[in-house]
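# Structural description and commentary
Single-letter residue listing:
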Amino acid sequence: MQNIVLAPPPSFYQRLSSLGVGVADQKILDLGTGTGVLARQFAKQGCEVFASDISPEQVKMAETLAQLENLKITTKIAPAEESDFGRQFDAITANQCFLYFNKAKVIPFIKNSLSPGGILLTSHFSWLPLVDPIAAASEKLILKYNPNWTAHSFSGEIPEVPYGLGSDFTVKDWFYYDEPIAFSREEWRGRIRACRGVGAALEPAAIAQFDEEHEQLLSQIAGEKFSIVHRIDAHLMMPRS
């Protein structure tokens, strides 16, 4: 039973490239890299990539996946604010994770680690339960097992300036758009198991029970293949002087 953390679609990286992030020969640091989703794609695009995560297991998986794809990524097991690789970066990225960083520590680190003209990119890849009925049904089941989960019912609202960053960074560019993402039932089960309301909150026995009930639910409301509408957003920011 493998959790699945899907990568943003190709359209996301195409938009970033058009805005100057992820182009060949850039030095990029991916904070909270997890399994290296962004890091590996930037490496494929010819960037010199560094990546860190606080989880040894996630970093190990990122290294394994990079090796399988013959990609060079320099990794470190560390909190975001301790991810010093002894150099400055053209871009520092944080996908699905900036919310969980210690802002009082990580903001000074980012400012010191960006090259002149460097960009901080924060981004998200989120299903829309108020639009998509399958996502709504899955969230209802999560709340049955974890009533304290607070990340449900995402409205899709994207602020012009990410919360808590307006005094330290100026937004250079930002975008959001919706795209249906294809899943099999097994892939969607893995995506849901990987969310913080399940995988990071429930005991193994409860996760297994949840997953069994989720499979039964999906067999009733979805075909073997289906799409879930996701909202993809990104903010490209420059430090205030």
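The structure reproduced in this document is the subject of the present report. Quick caveat: nothing in here was measured; it's all calculated off a predicted structure.

### Brief notes about the overall build of the protein
Within the protein, the secondary structure is distributed over 7 helices and 7 strands. Reading the protein from its N end, one meets helices and strands in the order α-β-α-β-α-β-β-α-β-α-β-α-α-β. For the protein, whose C-alpha radius of gyration is 18 Å, the value lies close to the compact-globule estimate of 18 Å for 241 residues. A principal-axis box enclosing the C-alpha atoms of the protein has dimensions of 55 × 35 × 30 Å. Classification of the 241 residues of the protein by burial places 48% in the buried group. A fraction of 78% describes how many contacts in the protein between residues 6 or more apart in sequence connect residues 24 or more apart.

### Regarding the nonpolar core
Among the nonpolar cores identified, the biggest contains 45 residues, and Phe12, Leu16, Val21, Phe42, Trp188, Val198 and Ile228 are the most heavily contacted of them. Listed in part, the 20 residues of the second largest apolar core include Ala80, Phe89, Val106 and Phe109.

### Some words on unusual backbone geometry
Unusually for a residue other than glycine, Asp25 sits at a positive phi of about 80°. Here Asp25 is to be found in the loop between helix H1 (10–18) and strand E1 (27–31). Although it is not a glycine, Gln96 adopts a positive phi angle of roughly 65°. In this structure, Gln96 sits in the loop between strand E4 (89–95) and helix H4 (103–113).

### Some words on the side chain of Asp53
Secondary-structure assignment places Asp53 in strand E2 (residues 48–53). Buried charge without a salt bridge: Asp53, with Arg196 as the nearest opposite-charge side chain at an N-O distance of 9.2 Å. Separated by 2.8 Å, the side chain of Asp53 and the backbone nitrogen of Gly34 make a polar contact.

### Quick notes on the packing of aromatic side chains
Following the criterion strictly, the structure yields 11 aromatic pairs and no others. In this structure an aromatic cluster arises from ring pairing among Phe12, Tyr13, Phe42, Phe175 and Tyr177. The ring of Phe175 carries the charged tip of Arg15 above its face, separated from the ring centre by 5.7 Å. The ring of Tyr100 carries the charged tip of Arg196 above its face, separated from the ring centre by 4.1 Å.

### Points about the pairing of E2
One face of the sheet, then the other: side chains in a regular strand alternate in exactly this way. Counting buried residues in E2 gives 5 out of 6 residues, a clear majority hidden from the surface. Two elements, E1 and E2, share 4 bridges in a ladder whose sense is parallel. Bridge assignment links Leu29 to a residue of E2, and that residue is Phe50. Handedness of the crossover is the feature at issue here: the chain leaves E1, passes through helix H2 (residues 37–44), returns alongside E2, and the resulting connection is right-handed.

### Some remarks on the packing of helix H6 (residues 185–193) against helix H7 (residues 204–221)
Contact geometry of H6 with H7 gives a least axis separation of 10 Å together with a crossing angle of 140°. Judged on the interaxial angle alone, H7 and H6 are oblique. Of the two elements, H6 crosses H7, and the hand of that crossing is right-handed. Residues Arg185, Trp188, Arg189, Ile192 and Arg193 of H6 form the contact with H7, whose participating residues are Ile207, Phe210, Asp211, His214, Glu215, Leu218 and Ser219.

### Structural notes on the packing of helix H5 (residues 133–145) against H7
The relative placement of two packed helices comes down to the angle between their axes together with the axis-to-axis distance. The contact between H5 and H7 brings their axes to 10 Å, and the two run at 150°. What the angle tells us is that H5 and H7 run roughly antiparallel. In this structure, H5 meets H7 at a crossing whose hand is right-handed. Contacts between H5 and H7 pair Ile134, Ala137, Ser138, Leu141, Ile142, Lys144 and Tyr145 from the former with Ala206, Gln209, Phe210, Glu213, His214, Leu217, Leu218 and Ile221 from the latter. The class makeup of the residues in the contact of H5 with H7 is 10 nonpolar, 3 polar and 2 charged.

Scoring rules and cut-offs
Residues numbered from 1 in each chain as written. Predicted model: local features only at pLDDT ≥ 70, side-chain atom pairs only at ≥ 80, totals over all residues. Heavy atoms only, no water. Helix = DSSP H or I, 4+ residues; strand = E, 2+ residues; numbered from the N terminus. Rg over C-alpha atoms; globule rule 2.2 N^0.38 Å. Buried < 20%, exposed > 50% of the residue type's maximum accessible area, 1.4 Å probe, protein only. Contact = heavy atoms within 4.5 Å. Core = buried A, V, L, I, M, F, W, Y, C linked by side-chain atoms within 4.5 Å. Lys, Arg positive; Asp, Glu negative; His and termini not counted. Salt bridge = Lys/Arg side-chain N within 4 Å of Asp/Glu carboxyl O. Polar contact = N/O pair within 3.5 Å; in protein donor to acceptor, adjacent residues only side chain to side chain. Phe/Tyr/Trp six-rings, centres within 6.5 Å; stacked < 30°, edge-to-face > 60°. Lys NZ or Arg CZ within 6 Å of the ring centre and 35° of its normal. Pairing = 2+ DSSP bridges. Right-handed = clockwise from strand over helix to strand, strands pointing away. Axes fitted to C-alpha atoms, helices over the stretch in contact; angles between N-to-C directions. Parallel < 35°, antiparallel > 145°, perpendicular 65-115°, else oblique. Left-handed = near helix turned anticlockwise from the far one by under 90°. Nonpolar A, V, L, I, M, F, W, Y, C, P; charged D, E, K, R; others polar.

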